Amino acid sequence: MLQDELKEIRTQLRLAMNGVISASMREKGIVYKLNFGVPLPEIKQIAATHKPDSGLAAALWKEDIREFKILASLLQPMDEFSAQKAEQWVKDIPYLEIAEQCSHNLFYKLSDVEDLLLGAVFNVQDEYARTVAFLVWAELFKEGKDLIAPVRAAFIVECMRTIAWPDFGASFKEKQAAVKAMKFYGRQSAERARQMLGGFDEFPEFMKTTEGQEIYNDLKFEFEYCR
């Protein structure tokens, strides 16, 4: 039955494939064993024709196929997923798009999401772990959710360390994800907006740089615009 369903999914993807999108990704260095180039809305439509199933999601996730990995994040039942399993998935994330889709479709809905956040944000071994942590924080704050004090404190400290510490060596994708999460956190209240902006006071050297000024002004405009 599982193999039949996988075969059906392959057929659906072939019918929806877009060679232009696939070729464009390859040109940008995004290379999979197989990439059908199917746009996200159509991937979601395909997911809607299948029942969420842990075995199916696991079979999809293990393949080096772009659409399979995205479908896995859409078809994994939440009641059969945990922070520990999410950490295993993070190790297999090949590109930023997959990190974004897993965070948006699956990870932030975990009942033990705080365990995932604390495990991921302090994990400098896996390339996408910290990026996933910030993306999940962004999803949670977007939904207006709050977190226990230690996890919230870790978020604030790690955001500033990521974007403002010159020797920390955060990747561009980590910085982008951190700024995104800061925006959604600051939107929650005027107090939290001040908290985000106030963190820059501790990094005067960073604020002298063009990057520092751009990030600070971007956040400031975001918070003022959303009031």
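In what follows, the accompanying structure is described. (Residues numbered from 1 in each chain as written. Predicted model: local features only at pLDDT ≥ 70, side-chain atom pairs only at ≥ 80, totals over all residues. Heavy atoms only, no water.)

Okay, the overall build of the protein next. Helices and strands together make up the secondary structure of the protein, namely 14 helices and zero strands. Computed over C-alpha atoms, the radius of gyration of the protein comes to 19 Å, within 12% of the 17 Å expected from 2.2 N^0.38 for 227 residues, which places it in the range of a compact globule. With the C-alpha coordinates aligned to their principal axes, the bounding extent of the protein is approximately 60 × 40 × 35 Å. Within the span of the protein, comprising 227 residues, buried residues form 48% of the whole. (Helix = DSSP H or I, 4+ residues; strand = E, 2+ residues; numbered from the N terminus. Rg over C-alpha atoms; globule rule 2.2 N^0.38 Å. Buried < 20%, exposed > 50% of the residue type's maximum accessible area, 1.4 Å probe, protein only.)

Before going further, it helps to examine the pattern of salt bridges. Any two side chains of opposite charge can pair, so long as their charged atoms come close to each other. A full pass over the atoms with the stated rule returns 13 salt bridges. Here Lys-173 ties to Glu-127 by a salt bridge, and the two come within 3.1 Å at their closest N and O atoms. Pair noted here: Lys-173 is in helix H11 (residues 172-187) and Glu-127 is in the loop between helix H8 (113-121) and helix H9 (129-142), with a separation of 46 residues, a long-range link. For Lys-173, a relative accessible area of 16% puts it in the buried group. What makes Glu-127 exposed here is its relative accessible area of 52%. Where Asp-146 meets Arg-152, a salt bridge forms, and the shortest distance between an N and an O atom there is 3.1 Å. (Salt bridge = Lys/Arg side-chain N within 4 Å of Asp/Glu carboxyl O.)

Turning next to the side chain of Gln-101. Mapped onto the fold, Gln-101 is located in helix H7 (residues 96-105). Among all residues touching Gln-101, those that are not within four sequence positions of it are Leu-40, Ile-70, Ser-73 and Leu-106. (Contact = heavy atoms within 4.5 Å.)

Note on placement: Trp-137 falls in helix H9. By relative accessible area, Trp-137 is classed as buried at 0%. Note: C-alpha distance between Trp-137 and Ser-22 (115 residues apart in sequence) is 30 Å. Among all residues touching Trp-137, those that are not within four sequence positions of it are Leu-117, Val-121, Leu-147, Val-151, Ala-154, Phe-155 and Ala-181.

Turning our attention to the nonpolar core. With 75 residues, the main nonpolar core has Phe-107, Trp-137 and Phe-155 as its most contacted residues. Residue contributions to this core peak at 10 residues, all from H9. Each residue touching Phe-107, except ones within four places of it in the same chain, is listed here: Phe-81, Ala-86, Trp-89, Val-90, Cys-102, Val-113, Leu-116, Val-132 and Val-136. (Core = buried A, V, L, I, M, F, W, Y, C linked by side-chain atoms within 4.5 Å.)

Another aspect to go through is the packing of helix H6 (residues 83-91) against H8. Packed helix pairs are specified by the crossing angle of their axes together with the interaxial distance, meaning the distance between the axes. H8 packs onto H6 with a crossing angle of 35° between their chain directions and a minimal axis gap of 8 Å. As for the relative orientation of H6 and H8, their crossing is right-handed in sense. Contacts from Ala-83, Ala-86 and Glu-87 in H6 reach Asp-115, Leu-116 and Gly-119 in H8. (Axes fitted to C-alpha atoms, helices over the stretch in contact; angles between N-to-C directions. Left-handed = near helix turned anticlockwise from the far one by under 90°.)

Turning to the packing of aromatic side chains, a few remarks are in order. Tallied over the entire structure, the rule returns 10 aromatic pairs. Between Trp-61 and Trp-89, the aromatic rings sit 4.2 Å apart at their centres with planes inclined by 10°, giving stacked as the arrangement. Linking Trp-61 in helix H4 (residues 54-61) with Trp-89 in helix H6, this pair joins segments that are 28 residues apart in sequence. There is no split in this pair, since Trp-61 and Trp-89 are both buried. With centroids separated by 5.1 Å and ring planes inclined at 55°, the aromatic side chains of Trp-137 and Phe-155 adopt a geometry described as tilted. With a gap of 18 residues between them, Trp-137 in helix H9 and Phe-155 in helix H10 (residues 149-164) connect regions that are remote in the sequence. Each member of the pair, Trp-137 together with Phe-155, is buried. (Phe/Tyr/Trp six-rings, centres within 6.5 Å; stacked < 30°, edge-to-face > 60°.)

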